[in-house]
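Residues per chain are reported as follows:
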Amino acid sequence: MKDMPDKPLLIVGEDLCQQLVGRAEAFDAVQNVFAAMARGDAYNFPVIREAIGYADALYGFKSGFDRAGQVLGVKSGGYWPGNMDKGLTNHQSTVFLFDPDTGRLSALVGGNYLTAVRTAASSAVSIAHLARKDAKVLGMVGAGHQSTFQLRAAAEQRDFEKVVAWNPHPEMLPRLGEVAAEIGLEFEAVTQEELGAQADVIITITSAFEPLLMKDWIKPGTHLACMGTDTKGKQEVDAALVSHATVFTDEVAQSISIGEAQHAIADGTLTKVRITSIGSVINNDHPGRTSDDEITLFDGTGVGLQDLAVASVAARLADQSGKAERATL
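As a starting point, this report considers the structure included with it. (Residues numbered from 1 in each chain as written. Predicted model: local features only at pLDDT ≥ 70, side-chain atom pairs only at ≥ 80, totals over all residues. Heavy atoms only, no water.)

**Overview of the overall build of the protein chain**
The helix and strand tally for the protein chain stands at 11 helices and 18 strands. Over its C-alpha atoms the protein chain spans a radius of gyration of 19 Å, differing by no more than 12% from the 20 Å that the globule rule assigns to 329 residues. Scored against the burial criterion, the 329 residues of the protein chain give a buried share of 54%. In the protein chain, of all internal contacts separated by at least 6 residues, the share reaching a separation of at least 24 is 70%. Carbon and sulfur atoms make up 52% of the accessible area of the protein chain, which amounts to about 14,500 Å² in all. Placing the 28 positive and 42 negative side-chain charges of the protein chain at their respective mean positions leaves the two points 4 Å apart. (Helix = DSSP H or I, 4+ residues; strand = E, 2+ residues; numbered from the N terminus. Rg over C-alpha atoms; globule rule 2.2 N^0.38 Å. Buried < 20%, exposed > 50% of the residue type's maximum accessible area, 1.4 Å probe, protein only. Contact = heavy atoms within 4.5 Å. Areas by Shrake-Rupley, 256 points an atom, 1.4 Å probe, with all protein chains shown as cover. Lys, Arg positive; Asp, Glu negative; His and termini not counted. Charge placed at Lys NZ, Arg CZ, Asp CG, Glu CD.)

Now the structure itself:
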């Protein structure tokens, strides 16, 4: 049998990813893979995530296979909390894509920008499908690197008029204010209680291990997207709020083990059967929000298939444009 010809390995760097993959491309890729997961056409492999005992870093692997999209691969990377002082982003990652027909490595794709844009796309998908249509005030809890991606993506899903924000380090809030002004939204730095009283949609994007928002602060009809760093023990909102809300997630197994739902599951106030895949809403198998007073909560745990989906888009567009570097293994 004649050997198959070698295909050049595509190398798609961070700059090229930013050129080719915008919010619209990321939104479509993430929405499609969530739908595929809910249909059983795509699945994530078990996550490996460990503290390496050096530089306070967390390092791990997320991988999976999207049969519908013919995407197979792994994202390798983690969180280095001291990177900001070195002029680097704290999250560092690379995506490896493989040909599902042969198992050969087909592309190396920078994962830092794509992680940010796919995480923002995930919360945006939840807002598109679960937030009230008349939502006017967007609440932001957290003002780190990821927050500006979240704000820009969320602002495209509803006709927001105002952004209210809180961060444990208030000196970081002006950056969010600049982005809000850039897209024509009023901005106000507020307390956590004031944020809950005003916001129709709330995005939490922190690395907290204690609740930053309490159940009694959240008004009826609010949609929350909890998007912060997911690991054992993480917590951004009150467990009572989670158990009170109608809960949706990207992957139930991660939500109950390393996501926002873990605490309500542990204290018995929330059961696994009450958590719905966002893909079921996208596929019209679940109604999503059922009333204007309902509090909905999306637990975005960050599944590997999201990374593979956007990396696949980057690789395809880079190949089509002729801008990707190529190498032969």
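Having seen the structure, we can now continue with the description.
**Considering the pattern of salt bridges**
Under the defined criterion, the tally for this structure stands at 14 salt bridges. For Arg 39, the salt bridge identified is with Asp 41, shortest N-O distance 2.9 Å. Overall, the relative accessible area of 26% leaves Asp 41 in the partly exposed class. Taken together, the shared-partner salt bridges in this structure form one network comprising Arg 132, Asp 134, Asp 200 and Lys 219. (Salt bridge = Lys/Arg side-chain N within 4 Å of Asp/Glu carboxyl O.)

**Considerations on the side chain of Arg 132**
Take Arg 132: it is sitting in the loop between α3 (112–130) and β8 (137–141). Among the polar contacts made by the side chain of Arg 132, one reaches the side chain of Asp 200 at a distance of 3.3 Å. Engagement of the side chain of Arg 132 in a polar contact is seen with the backbone oxygen of Gly 221, the distance being 3.1 Å. (Polar contact = N/O pair within 3.5 Å; in protein donor to acceptor, adjacent residues only side chain to side chain.)

**Quick word on the packing of α3 against helix α11 (residues 304–321)**
Taken N-terminus to C-terminus, the directions of α3 and α11 make an angle of 120°; their axes are 10 Å apart at the nearest point. Note on packing geometry: the crossing formed by α3 with α11 is right-handed. Residue-level contacts link Leu 114, Thr 115, Arg 118 and Ser 122 of α3 to Gln 306, Asp 307, Val 310, Ala 311 and Ala 314 of α11. Of the residues contributing to the contact of α3 with α11, the split by class is 4 nonpolar, 3 polar and 2 charged. (Axes fitted to C-alpha atoms, helices over the stretch in contact; angles between N-to-C directions. Left-handed = near helix turned anticlockwise from the far one by under 90°. Nonpolar A, V, L, I, M, F, W, Y, C, P; charged D, E, K, R; others polar.)

**Considering the environment of Leu 195**
The topology assignment puts Leu 195 in helix α6 (residues 192–198). For Leu 195, a relative accessible area of 1% corresponds to the buried category. In this structure, the C-alpha to C-alpha distance between Leu 195 and Ala 154, residues 41 residues apart in sequence, is 16 Å. Setting aside chain neighbours within four positions, we find Leu 195 in contact with Gly 139, Met 140, Val 141, Val 164, Ala 165, Trp 166, Val 190 and Ile 202.

**Observations regarding the packing of aromatic side chains**
Taken as a whole, this structure holds 5 aromatic pairs when the rule is applied. An aromatic cluster is present here, built from Tyr 59, Phe 61 and Trp 80 joined pairwise through their rings. (Phe/Tyr/Trp six-rings, centres within 6.5 Å; stacked < 30°, edge-to-face > 60°.)

**Points about the nonpolar core**
Phe 34, Leu 97, Val 109, Leu 114 and Leu 138 are the most contacted members of the largest nonpolar core, which has 69 residues in total. Not counting residues within four places of it along the chain, the set of residues in contact with Leu 114 comprises Cys 17, Val 21, Val 109, Val 310, Ala 311 and Ala 314. Counting 27 residues, the second-largest nonpolar core is a separate cluster that includes Val 164, Val 237, Ala 239 and Val 247. (Core = buried A, V, L, I, M, F, W, Y, C linked by side-chain atoms within 4.5 Å.)

**Things to note about the sheet that holds strand β9 (residues 162–166)**
The 8 strands are arranged β10-β9-β8-β11-β13-β17-β15-β16 in an open sheet whose pairing can be described as parallel. Two strands in the sheet have a free side with no partner beyond their single neighbour: β10 (186–189) and β16 (275–277). When strand polarity is set aside, the average angle formed by the axes of neighbouring strands in this sheet is 20°. Helix α5 (residues 173–182) rests against β8, β9 and β10 of the sheet, and its axis sits at about 165° to β10. (Pairing = 2+ DSSP bridges.)

**Quick word on helix α4 (residues 145–155)**
The α-helix winds at 3.6 residues per turn, so residues separated by three or four positions along the chain end up facing the same way. Along α4, the residues classified as buried are Gln 146, Ser 147, Thr 148, Gln 150, Leu 151, Ala 153 and Ala 154. In the core, the buried residues of α4 are packed alongside α2 (23–39), α3, β8, β9, α5 and β11 (201–204).

**With respect to unusual backbone geometry**
Despite not being glycine, Ala 55 shows a phi value in the positive range, around 55°. In this fold, Ala 55 is placed in the loop between β3 (48–51) and β4 (58–66). The class of Ala 55 is partly exposed, set by a relative accessible area of 41%. Even without being a glycine, Gln 70 presents a positive backbone phi close to 55°. A residue is classified by how much of its surface remains accessible, and Gln 70, at 41% relative accessible area, is partly exposed.

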